[in-house]
Amino acid sequence: MKRQSSFLANGPTLYLVATPIGNLQELSPRAIEVLNSVEYIACEDTRNSKKLLTHFNIHKNLLAYHNFNEDVSTKGLMELLLAGKSIALISDAGYPLVSDPGYNIVKAAINADIPVVAISGPNAALDALVVSGLDSRHYLFYGFLSPKTSAVVKELTSLRELPYTLIFYEAPHRIQKTLKTALTVLGNRQAVVARELTKLHEEIIRGDLLSLSLLDDLKGEIVLLIEGYKADDVIIDYSKIMAHIDADVKTGIKAKDAINEAAKKWNISKNELYNYYHQNKNQ
Ligand code: SAM
């Protein structure tokens, strides 16, 4: 067991400082004070962080700490901490360690009995959760899904029966595919896309996975939230419906009639199924 008294020791401290996810006004006075007080600031991308720090007139030695050099730079940062220098770790946005680098240095500092202190601030997942309208009492933050669809199916299958709101970070070029995969694996649950949080083009789109998967204008930085499992969830197999419609069409039935019949049979919206069919029929 290790007990840390964060503010009683005189030695060096590793501060984890949250920085804005868009709106610069969200860097707190306490964050500014800590960034001004430390000897070094470790950051993901020195060019990015320099812009932020210059905006706040903070001029410090910047050290690069990112995914590609985490091992080497953990060693370097530990040497500085052990030599009595305090360090603030920041990432490009939000909290370090939250889908961002930092875990290794935190583990190493804890092992060396150096206090690790969080300086609170913005986080995209929590902003999205509280405005989503989905259950915020219990939630699971997953972060980024794999870039490979087959791996995403596995990951979502492992989450399928969790009765908690699911929170994902997603890139704009993958969001449509992810929504479609989620629709197939989880069924047509309520879902929310929160994009460009705290920025001019912030938009919260609340709907279900089917209607969201039909949008083709989801740009910018995105948090995807999906309602948790409910015992009466019905998982509709959209690939089966597509095959059913295709089979009807091959017998000479008009696509529109085949879609109407399928919508009735599976009790889903005609219009949405029509759009889904035409967006996905050649894939
Ligand atoms: N450390 C950050 C945090 O605490 O939220 C997350 C960093 S992660 C590398 C970047 C991802 O977070 C983006 O791809 C996006 O999914 C999400 N994100 C960051 N800023 C956002 C914003 N302003 N609006 C919506 N999502 C955002």
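In this text the structure is predicted, and so the values were computed from the model without any measurement. (Residues numbered from 1 in each chain as written. Predicted model: local features only at pLDDT ≥ 70, side-chain atom pairs only at ≥ 80, totals over all residues. Heavy atoms only, no water.)

If you add up the space inside the largest pocket, you get close to 710 Å³. What lines the largest pocket is a set of 34 residues, and nearest its centre among them are I21, D92, A93, G94 and E221. By residue number, the principal contributor to the lining of the largest pocket is helix α2 (residues 46-55), which donates four residues. By residue class, the composition of the lining of the largest pocket is 16 nonpolar, nine polar and nine charged. Here the lining of the largest pocket spans two domains, since at least three of its residues come from each of domain 1 (14-119) and domain 2 (124-226). By volume, the second largest pocket is sized at about 340 Å³. Residue assignment for the lining of the second largest pocket shows that the elements contributing at least two residues are α6 (149-159), α7 (175-186), α9 (238-250) and α11 (270-280). Top contributing element to the lining of the second largest pocket by residue count: α7, with six residues. Looking at which domains feed residues into the lining of the second largest pocket, each of domain 2 (124-226) and domain 3 (238-280) gives three or more. (1 Å grid on protein atoms, 1.4 Å probe; cavity = no way out; pocket = protein on both sides within 12 Å on 5 of 7 lines; lining within 4 Å. Points joined across faces, edges and corners; volume = space filled by probe spheres on them. Helix = DSSP H or I, 4+ residues; strand = E, 2+ residues; numbered from the N terminus. Nonpolar A, V, L, I, M, F, W, Y, C, P; charged D, E, K, R; others polar. Domains from an automatic or database assignment.)

The next point concerns the domain arrangement of the chain. Parsing the chain into structural domains produces domain 1 (14-119), domain 2 (124-226) and domain 3 (238-280). Summarising the inter-unit geometry, the C-alpha centres of domain 2 and domain 3 are found 26 Å apart. Counting residues at the interface gives nine residues for domain 2 and six residues for domain 3. When the buried area of domain 2 at its contact with domain 3 is split by residue, K180, L210 and L214 rank highest and sum to 63% of it. Counting across the interface, domain 2 meets domain 3 through zero salt bridges. In this structure, the connection of domain 2 to domain 3 is made through two residue pairs in polar contact (both at pLDDT 80 or more). (Contact = heavy atoms within 4.5 Å. Buried area = accessible area lost by both parts, 1.4 Å probe. Salt bridge = Lys/Arg side-chain N within 4 Å of Asp/Glu carboxyl O. Polar contact = N/O pair within 3.5 Å; in protein donor to acceptor, adjacent residues only side chain to side chain.)

Right, let's talk about the nonpolar core for a bit. Core analysis: the largest hydrophobic core is formed by 36 residues, its most contacted members being L156, F168, I226, Y238, I241, I245 and L273. Each of domain 2 (124-226) and domain 3 (238-280) contributes no fewer than three residues to this core. Not counting chain neighbours up to four residues away, the residues in contact with I241 comprise I236, A262, W266, I268 and L273. (Core = buried A, V, L, I, M, F, W, Y, C linked by side-chain atoms within 4.5 Å. Buried < 20%, exposed > 50% of the residue type's maximum accessible area, 1.4 Å probe, protein only.)

Take the pairing of strand β1 (residues 14-17) next. Neither face of β1 is exposed, since L14 and L16 on one face and Y15 and V17 on the opposite face are all buried. Pairing of β1 with strand β4 (residues 87-89), which is carried by three bridges, proceeds in the parallel orientation. Residue pairing for β4: L14 is matched across the bridge by I87. (Pairing = 2+ DSSP bridges.)

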